[in-house]
Amino acid sequence: MAKKKLEAIKNLTTKEMNQKILDSQKSLFESKIKLSTGQLENTASIWKIRKEIARLKTFLTQKSASK
């Protein structure tokens, strides 16, 4: 499963990666707001979103460096 997800990220274009980063950042912000108001039930989601953003930024940097 993890390999499929990584392959899917690697095959994204730069625009798609940037869009996914923006979407993930919005989701992270919303999760942090929910956490502060006590509405967030799954606190592990914040950790997962942060890792996803880092993963996308890493692949974006690798893709721009290879050009």
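Details of the structure are given in the entry above.
Residues numbered from 1 in each chain as written. Predicted model: local features only at pLDDT ≥ 70, side-chain atom pairs only at ≥ 80, totals over all residues. Heavy atoms only, no water.

Caption draft 1: Geometry of the overall build of the chain. Helices and strands together make up the secondary structure of the chain, namely 3 helices and 0 strands. Over its C-alpha trace the chain gives a radius of gyration of 14 Å, far above what one expects of a compact globule, namely 11 Å for 67 residues. Along the three orthogonal principal directions, the C-alpha set of the chain runs to about 45 × 25 × 15 Å. Across the 67 residues of the chain, 24% fall into the buried class. A fraction of 67% describes how many contacts in the chain between residues 6 or more apart in sequence connect residues 24 or more apart. Total accessible area computed for the chain in this model is approximately 5,400 Å², and 56% of it derives from carbon and sulfur atoms. Taking the 16 positively charged and 6 negatively charged side chains of the chain as two groups, their mean positions are separated by 6 Å. (Helix = DSSP H or I, 4+ residues; strand = E, 2+ residues; numbered from the N terminus. Rg over C-alpha atoms; globule rule 2.2 N^0.38 Å. Buried < 20%, exposed > 50% of the residue type's maximum accessible area, 1.4 Å probe, protein only. Contact = heavy atoms within 4.5 Å. Areas by Shrake-Rupley, 256 points an atom, 1.4 Å probe, with all protein chains shown as cover. Lys, Arg positive; Asp, Glu negative; His and termini not counted. Charge placed at Lys NZ, Arg CZ, Asp CG, Glu CD.)

Caption draft 2: Summary view of the packing of helix α1 (residues 2-10) against helix α3 (residues 44-66). In the contact formed by α1 and α3, the axes pass within 10 Å of each other and the chain directions differ by 50°. Relative to α3, the element α1 is oriented oblique. The way α1 lies across α3 gives a crossing that is right-handed. In this structure, α1 uses Lys5, Leu6, Ile9 and Lys10 to contact α3, whose residues at the interface are Glu52, Arg55, Leu56, Phe59 and Lys63. When its residues are assigned to classes, the contact of α1 with α3 shows 4 nonpolar, no polar and 5 charged. (Axes fitted to C-alpha atoms, helices over the stretch in contact; angles between N-to-C directions. Parallel < 35°, antiparallel > 145°, perpendicular 65-115°, else oblique. Left-handed = near helix turned anticlockwise from the far one by under 90°. Nonpolar A, V, L, I, M, F, W, Y, C, P; charged D, E, K, R; others polar.)

Caption draft 3: Looking closely at the nonpolar core. The biggest cluster of nonpolar side chains holds 7 residues, and these are Ile9, Leu12, Met17, Ile21, Leu56, Phe59 and Leu60. When contributions to this core are tallied by element, the ones reaching two or more residues are α2 (14-37) and α3. Ranked by residues supplied to this core, first place goes to α3 with 3 residues. For Leu60, the residues in contact, after removing those within four places along its chain, are Thr14, Met17, Asn18 and Ile21. (Core = buried A, V, L, I, M, F, W, Y, C linked by side-chain atoms within 4.5 Å.)

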